[in-house]
Amino acid sequence: MDLTRAAYGIWSGGRFMHFGEPLDDERFINLIRLAYEKGIRTFMTADVYGNGQADEMIAKGLAGCPRESYCLVGAVGHDFYSGKREGAKGYPRFTNPSLRGPADYPDYLRMATEKSLQRCGVSKFDLLFLHNPDSTGYSSEAVWNGMAQLKNAGLTERLGIAPGPANGFTLDIIQSFEKFHDLIDWAMLILNPLEPWPGELALPAAQEHNIKVITRVVDYGGLFHDDVKPGHTFRQNDHRAFRPAGWVDTGHGKMEKMRSIAEKYGLTMLQLACIWNLSHEPVKSVIPTLIQEANSEAKPIEEKVAELAAISADPKLASLKLTAEDRDFLGQIGNNKGCMALKGANPSHTGAPEADHWSLRPELEEIGKRWRIDPRKDLAQTH
């Protein structure tokens, strides 16, 4: 089964990533089942979340659902088996030279995939992502030979690449499209009407190479759920507390200018963000974070599931796209070009490559020229 328009990410519900209130076991599992019952048919996990606990939660939430009735997406890449966690940086990528060399990549990928499948209680994934690759993961023949072996062994139907954890990696993801497009079926990108940059820059290359795109952070840190207002107080350990001051007020102000388009199409603000993403040709699926905010006036997370599910299940929305004029109008309101330092290949980086940051190699410069991307202008922080 291929991915559907609306997808559910196991990072929703605050258990494995710090967004809002962490749900207790019963509500967390019931939320997964509710998503299925409301019509969401794509579910994504990642083996590193909770060191395997996320896989187990997916298994419990989908227990009893016919396997052929849903699409299961996995992700491997962080080595929490033999790697040592480095605080907020998390576990190292399996390609870290201190852990293994290229000859051992296939064995690691197979081991990690088989263990993830076992925890999920299934025999294969419908799609398996290379999760948050470092510079080696984007460019190494050995890595993608290892991924191909997983497909050949019947452990997954499709292969994909999921850049992260932060935003950027534009030239790197295009490089992987050019080198490995025969293997890559899907890519995951950050995209939403308040964050069109830099995700939109990679879409033409995805379309050129027939790679489908699933977009995350569609909710823009919860703002498009419409219950994070100016003056909102985040929990002390909430990831969003580390964003630049004023981001809620600024985003809320821009959203107010977008409401007329939501009303025109009869959409909630979350649905507007989803449909805006899906109105870009290679984008075929959306996977926003579903958050239970920590205040008494917050919208129940179960309502957010229903809003998302309607993107696939409601016949009026199941094929809806915005006109090009409305799509571009929203993109102009949300224009965020130059607002942050991006991860991945960066002209400002010197020295040895780091896990999420490396220098702009000559081959990446050439990729930029081919796709009319000037990294010093189009991928630079300017404000």
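Before any of the text, the structure's been laid out above.
As the structure is a prediction and not an experimental result, all values here were calculated from the model.

*Asks:* Describe empty space enclosed by the protein, and please don't skip the residues or the numbers.
*Replies:* Under the criterion given, the structure shown has three cavities of 30 Å³ or more. Considering only enclosed or pocket space, the largest cavity measures out at about 120 Å³ in volume. Lining the largest cavity are 14 residues; nearest its centre among them are P163, N167, G168, L189 and I190. Going through the elements one at a time, α6 (170-180), β6 (186-190) and α7 (199-208) are the ones with two or more residues in the lining of the largest cavity. Element by element, the count of residues in the lining of the largest cavity is highest for β6, at three residues. In terms of residue class, the lining of the largest cavity is built from nine nonpolar, four polar and one charged.

*Asks:* Quick rundown of the pairing of strand β4 (residues 127-131)? Include the residues and the values.
*Replies:* The buried fraction of β4 is high, at five of five residues. In β4, alternate side chains face the same way, and those of L127, F129 and H131 on one face and L128 and L130 on the other are all buried. As a crossover connection, the stretch from strand β3 (residues 71-76) through helix α3 (residues 105-120) into β4 is right-handed.

*Asks:* Outline the layout of surface pockets, listing residues and values.
*Replies:* Of the pockets and cavities examined, the second largest pocket occupies roughly 230 Å³. Lining of the second largest pocket is provided by 14 residues; of these, P196, W197, E200, G331 and N335 occupy positions nearest its centre. Listing elements by their share of the lining of the second largest pocket, those giving two or more residues are α7 and α11 (324-334). Considering every element that reaches the lining of the second largest pocket, the biggest residue donor is α11, with four residues. Across the lining of the second largest pocket, the residue classes break down as five nonpolar, four polar and five charged.

The rules behind each value
- Throughout this document, residue positions are counted from 1 along each chain, in the order its sequence is written.
- For this predicted model, a pLDDT threshold of at least 70 governs which residues receive local features, and a threshold of 80 or more governs which side-chain atom pairs are given and counted, while totals over whole chains, interfaces and linings are taken from all residues.
- Note: side-chain values were computed over all heavy atoms of the structure, leaving out hydrogens and water.
- Here a cavity means grid points, on a 1 Å grid over the protein atoms only, where a 1.4 Å probe fits yet cannot get out; a pocket means an open set of points with protein on both sides within 12 Å along at least five of seven lines; lining residues are those with an atom within 4 Å of a point.
- Grid points are joined across faces, edges and corners, and a volume is the space filled by probe spheres set on the points.
- The secondary structure listing takes helices from DSSP runs of H or I that are at least 4 residues long and strands from runs of E that are at least 2 residues long, numbered from the N terminus.
- Basically, the charged four are Asp, Glu, Lys and Arg, the nonpolar ten are Ala, Val, Leu, Ile, Met, Phe, Trp, Tyr, Cys and Pro, and anything else, Gly included, counts as polar.
- Here the term buried applies to any residue with accessible area under 20% of the maximum for its type, exposed to any over 50%, and partly exposed to those in between, with areas from a 1.4 Å probe on protein chains only.
- Whether a crossover is right-handed depends on one test, that the path from the first strand over the helix to the second runs clockwise when the strands point away from the viewer.

Read these as layout, nothing more, since geometry by itself doesn't imply function.
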